Structure formats: C-alpha cells, structure tokens
Amino acid sequence: MISGRAARTAPVRSSSQFLVFGAPAIEEAEIREVVASLKTGWLGTGPKVASFEEEFRAYKGARHAVAVNSCTAALHLSMLAAGLGPGDEVITTALTFCATVNAIIHAGATPVLADVDPVTMNLDPNQVEAKITSRTRAVLPVHFAGRPCDMDALCDLAARYELKLIEDCAHAIETEYRGVKVGTIGDFGCFSFYVTKNVVTGEGGMILARTEADAARLKVLALHGMSKDAWKRFGDEGYKHYQVVECGFKYNMMDLQAAIGLHQLRRVETNWVRRQEIWNHYNEAFASLPLELPAAPEPDTRHAYHLYTILVDEEDADIGRDAFLDAMHGHNIGVGVHYLSVPEHPYYQETFAWRPEDYPHAMRIGRQTVSLPLSPKLTDDDVQDVVTAVSGILDRG
Ligand SMILES: *Cc1c(COP(=O)(O)O)cnc(C)c1O
C-alpha cells in the first residue's frame, strides 16, 4: 500500500528531466556569432572583444571597460592597479565565493573579513569600520545575490580612511544604487561571465575603471605586461614590435567568448524582467511556508535577481538544510549553496586562524541557505515544479 507520505515523496521531475541549476539561456544569435568567429579564423583577442568592451561600458555608463578571462582575474588586476601588495590589508565580506578572498591573496595583500548584515546579507559598514587598522588600504564589497551594498556608507568610510574601493559585481550586472549602476561607484568594478551568471561567455570577466591611466595599466597587466595589444600586433598595418614593461599575466578574453557575450548582453534587460517575474512568483508561493525568504529590494535601488536564496532553519522547518538539499535533488531539481561562510573552509582556518563563530551572521546564513533555480531559461512548468517540490518537502502534514 502506498502511504500518503510515500506519494508525496515521489519525484516531481523524472531523472531524465533533471533541472540543472543556473543553466545558461543560449540562443541562435550566439551560436551564429561563434561560428562566424571560427570561420574568420580570429579566435583570440580581437575586434569582438573590443566591441563587447564598448557595449558593456555603454550599458553600465562607465568611463572605461577592460575585458579579461574571469572575475577572479578582474579582482586580482584591480588590486594590482590600485597599488595594493604585501603588508596591505583589504577588508571583504565573510559571505562570498572563495575567489573574492583568493584574489586578495594573489595580489600579495592580506584579507580581513567583516560580517554581513543578517537581512541584506551584504557587508555591514559598521563591521567594516571595526576592522580598519593603520594597514587597511581597501574595501572589497560584494553586491550579494544582486542586491546593492550600502554604498553611501562604504564610500564615506573610503573617503574618511583614504581607502580604495573595489566592487565585486559578479552577481550585479543589472544592479543600481540610488540611480547609479554598481561597478561605477568604486575605483574599480569587477564582473563575471561564468556560465551561471546573468550574462555568460563560458568563462569571462570585465573591469570597469574610472581613470584612463588605470584602464591602460589593466590592459598591460592582462596581457603579459606587453605595451601593445597583441591583436594590433598581428593586424594588417605591418609588424609592430612590443615591449614588455612589467611582469603581467595571461588574462585576456578571446573573441570566441566575446561573440557569446555580445548577444547575451543585448538580452540582459528582457532576461531581467523574467528573473523578476520568477522571483515574485516564488515570494507569493512560499509566503506561508516555514522559511525565511529574501528581503525585498530597498527603495531607490535595483536588484539584479541573480540568486533567490531561502533560509531553512531546522527548528522552524523540521528539516535541516542539508537534508533539504538532498530532498530537492531527489525531486531532480538542482539547487545551490551561496555560500558556506569563508571561515568554514580549512585553508583559511589554517592560514589566518579564522573561525566561523566570529562572523555569526555569515555563519548562520551559510549553514541555512539554499539557492533555488532562477534563470530566464526556466519555463512556467519548471518554476511550478520548484514550487511543488519545496512545498512538498516542507509539508508537515
Ligand atoms: C562567480 C563569482 C566570482 C568569480 O567569478 P569567475 O568569473 O568565475 O572568476 C567572484 N565573486 C563572486 C561573488 C562570484 O559569485
């Protein structure tokens, strides 16, 4: 006999229809553009990268844009261009992807964590101020899930303590703060076009810079420290010698990647409307469940709706977070965790003696959070499957 409980635990989707978390929405335009690049033979850094930089710069209303091959590279180079290095402390959030912290270490600087606000999940400016020492040189906020940080407070700290401000905008392509697009507020804004992000190129990143000098330095650093762009070097204007002016990196974006990004960027606003629709649908569908839902966007800001994160508190939900993740997987629905707090990882514990308990809000969020599928690729039926699965798991009958 099939009990009611067993009937409820039958998978919402079949395994052959597994809903992949964060699957990108790739259309014919991207496919044609990549094929066109392949046919011209120009695969590496070339005219499509230049067009993508210009379109992204214009979309963000920024002064300068430099394409690179990841947001991690963007963060690393921004810190070098900001003059950060050994002995300098950079304050960032305890609730972020490891790349944010690793980039500080790559630059030779020392990462210092501050806790987040429990409601916005963004860096708490008061916690930042408490961590400022005579060695602090920069603050690296992350606009978490696509919600802008309190940039007025962070800019005020940066001005008072003479700190550089480098924005990690990996979640925040469409985000605005008081009418200003994020990534243009600090000295540098760093973006990711990784496969799960709101604009994808496979792997890829972009740096927005405020000054011509910074943008020029970033270009040199991103390509071996060579003084001239390689794509001009191999152009039809005759051979041009280059000079190596510093020890740079191999961080340049390829035309094959930019070919995807150009078309992705042109759809970012229509995709945003769909993201908002799914977000609002989840809010309504989950309103009476024993969950903490994402806080509503603040007035005079624009949320990028990159991640829809729910908090599963075992006391309220009668199920632990990890069991909830397993149950969603059992329904053949992919979910994410953004993120276990940085101090949960052994490398940072061993290297910096960080302890999760010292960042209690980031720790709690990291141990309770679940990211549900939120992508313009989702059909209404997919969204309904997510709602059915979440509701079923939390139904205590
Ligand atoms: C994805 C992500 C990064 C790293 O981006 P890559 O392009 O994969 O290097 C950095 N910070 C945050 C907050 C991210 O989500």
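Residues numbered from 1 in each chain as written. Predicted model: local features only at pLDDT ≥ 70, side-chain atom pairs only at ≥ 80, totals over all residues. Heavy atoms only, no water.

Caption draft 1: Expanded view of the overall build of the chain. Scanning the chain from terminus to terminus reveals 16 helices and twelve strands. Rg of the C-alpha trace for the chain: 22 Å, near the compact-globule value of 21 Å for 397 residues, within the 12% margin. On the principal axes, the C-alpha backbone points of the chain span a range of 80 × 55 × 40 Å. In the chain, which comprises 397 residues, the share counted as buried stands at 53%. Long-range pairs, those at least 24 residues apart, make up 71% of the contacts in the chain between residues at least 6 apart in sequence. If you sum the accessible surface of the chain, you get close to 17100 Å²; carbon and sulfur atoms cover 53% of it. (Helix = DSSP H or I, 4+ residues; strand = E, 2+ residues; numbered from the N terminus. Rg over C-alpha atoms; globule rule 2.2 N^0.38 Å. Buried < 20%, exposed > 50% of the residue type's maximum accessible area, 1.4 Å probe, protein only. Contact = heavy atoms within 4.5 Å. Areas by Shrake-Rupley, 256 points an atom, 1.4 Å probe, with all protein chains shown as cover.)

Caption draft 2: Representation of the site of the ligand in the model. In the neighbourhood of the ligand, 16 residues make up the surrounding shell, with Thr 72, Asp 168, His 171, Ser 192 and Lys 197 lying closest. Take Cys 71: an N or O atom from its main chain is 2.8 Å from an oxygen atom of the ligand. Here Asp 168 contributes a side-chain N or O atom positioned 2.8 Å from a nitrogen atom of the ligand. Relative to its unbound accessible surface of 380 Å², the ligand loses 93% to contact with the protein. Taken together, the residues of the shell around the ligand sort by class into seven nonpolar, seven polar and two charged. (Near = heavy atom within 4 Å. Polar contact = N/O pair within 3.5 Å; in protein donor to acceptor, adjacent residues only side chain to side chain. Nonpolar A, V, L, I, M, F, W, Y, C, P; charged D, E, K, R; others polar.)

Caption draft 3: Expanded view of the pairing of strand E9 (residues 205–209). Among the five residues in E9, five count as buried, and that is most of the element. Here E9 shows a buried face lined by Gly 205, Ile 207 and Ala 209 and a second buried face lined by Met 206 and Leu 208. As judged from the five bridges shared by strand E1 (residues 64–68) and E9, these two strands associate in the antiparallel manner. When the sheet's bridge partners are listed, His 64 is paired in E9 with Ala 209. Looking at chain direction, strand E8 (residues 188–192) and E9 are connected through five bridges and run antiparallel. (Pairing = 2+ DSSP bridges.)

Caption draft 4: Structural view of the packing of helix H2 (residues 28–40) against helix H10 (residues 255–266). Look at H2 against H10: their axes get within 8 Å of each other, and the N-to-C directions meet at 155°. When the axes of H2 and H10 are compared, the pair comes out roughly antiparallel. H2 and H10 meet at a crossing whose hand is right-handed. Across the interface between the two elements, Ala 29, Glu 30, Glu 33, Val 34, Ser 37 and Leu 38 from H2 touch Asp 255, Leu 256, Ala 259, Ile 260, His 263 and Gln 264 from H10. Residues belonging to the contact of H2 with H10 are distributed by class as follows: six nonpolar, three polar and three charged. (Axes fitted to C-alpha atoms, helices over the stretch in contact; angles between N-to-C directions. Parallel < 35°, antiparallel > 145°, perpendicular 65-115°, else oblique. Left-handed = near helix turned anticlockwise from the far one by under 90°.)

Caption draft 5: Fine view of the packing of helix H4 (residues 71–81) against helix H8 (residues 212–222). Packing of H4 against H8 leaves a shortest axis separation of 10 Å and a crossing angle of 125°. With respect to each other, H4 and H8 are oriented oblique. At the point where H4 passes H8, the crossing takes the right-handed sense. Of the residues in H8, those touching H4 at Leu 77, Ser 78, Leu 80 and Ala 81 are Asp 214, Arg 217, Leu 218, Leu 221 and Ala 222. Residues of the contact of H4 with H8, tallied by class, amount to six nonpolar, one polar and two charged.

Caption draft 6: View of a nonpolar patch on the surface. A contiguous nonpolar patch, built from Ile 26, Ile 31 and Val 35 and spanning about 220 Å² of accessible area, is present on the exposed surface. Structurally, Ile 26 can be placed in the loop between helix H1 (4–9) and H2. Exposure remark for Ile 26: the relative accessible area of 40% places this residue in the partly exposed category. (Patch = residues over 30% accessible without salt bridge, like charges linked within 9 Å, V, L, I, M, F, W, Y side chains within 5 Å. Salt bridge = Lys/Arg side-chain N within 4 Å of Asp/Glu carboxyl O.)

Caption draft 7: The arrangement of H2 in detail. Here H2 is 13 residues long and its end C-alpha atoms lie 18 Å apart, about the 18 Å a rise of 1.5 Å per residue gives. After H2 finishes, the residue Gly 41 shows a positive phi value of roughly 85°. (Expected span 1.5 Å × (residues − 1).)

Caption draft 8: Spotlight on the pairing of strand E4 (residues 136–140). Of all five residues in E4, four are buried; the element is thus mostly enclosed. Both strand E2 (residues 89–93) and E4 contribute to a ladder of four bridges, which runs parallel. Across the sheet, the residue bridging to Ile 91 is Val 139, located in E4. The handedness of the E4 to strand E5 (residues 164–168) crossover, carried by helix H7 (residues 151–161), is right-handed. (Right-handed = clockwise from strand over helix to strand, strands pointing away.)

Caption draft 9: Structural view of the side chain of Glu 53. As for its position among the elements, Glu 53 is in helix H3 (residues 47–60). Aside from chain neighbours lying at most four places away, what touches Glu 53 is Ala 65, Val 66, Ala 67, Met 206 and Lys 219.

Caption draft 10: Inspection of the environment of Asp 255 at higher detail. Tracing the chain through its elements places Asp 255 in helix H10. We classify Asp 255 as buried; its relative accessible area is 2%. C-alpha of Asp 255 to C-alpha of Gly 46: the two residues are 209 residues apart in sequence and 5.7 Å apart in space. In this structure the side chain of Asp 255 is engaged in a polar contact, spanning 2.7 Å, whose partner is the backbone nitrogen of Gly 46.

Caption draft 11: Quick peek at the pattern of salt bridges. Across all of its chains, the model carries 22 salt bridges by this definition. For Glu 298, the salt bridge identified is with Arg 147, shortest N-O distance 2.7 Å. A residue pair is termed long-range when its members are at least 10 positions apart, and Glu 298 in the loop between helix H11 (268–285) and strand E10 (301–302) and Arg 147 in the loop between E4 and H7 qualify at 151 residues. Classification of Glu 298 as partly exposed rests on a relative accessible area of 35%. Across the salt bridge formed by Glu 292 and Arg 364, the nearest N and O atoms sit 3.6 Å from each other. Of this pair, Glu 292 sits in the loop between H11 and E10 while Arg 364 sits in helix H15 (residues 360–368), and the two are 72 residues apart along the sequence. Residues participating in the shared-partner salt-bridge network are Arg 13, Asp 382 and Asp 385.

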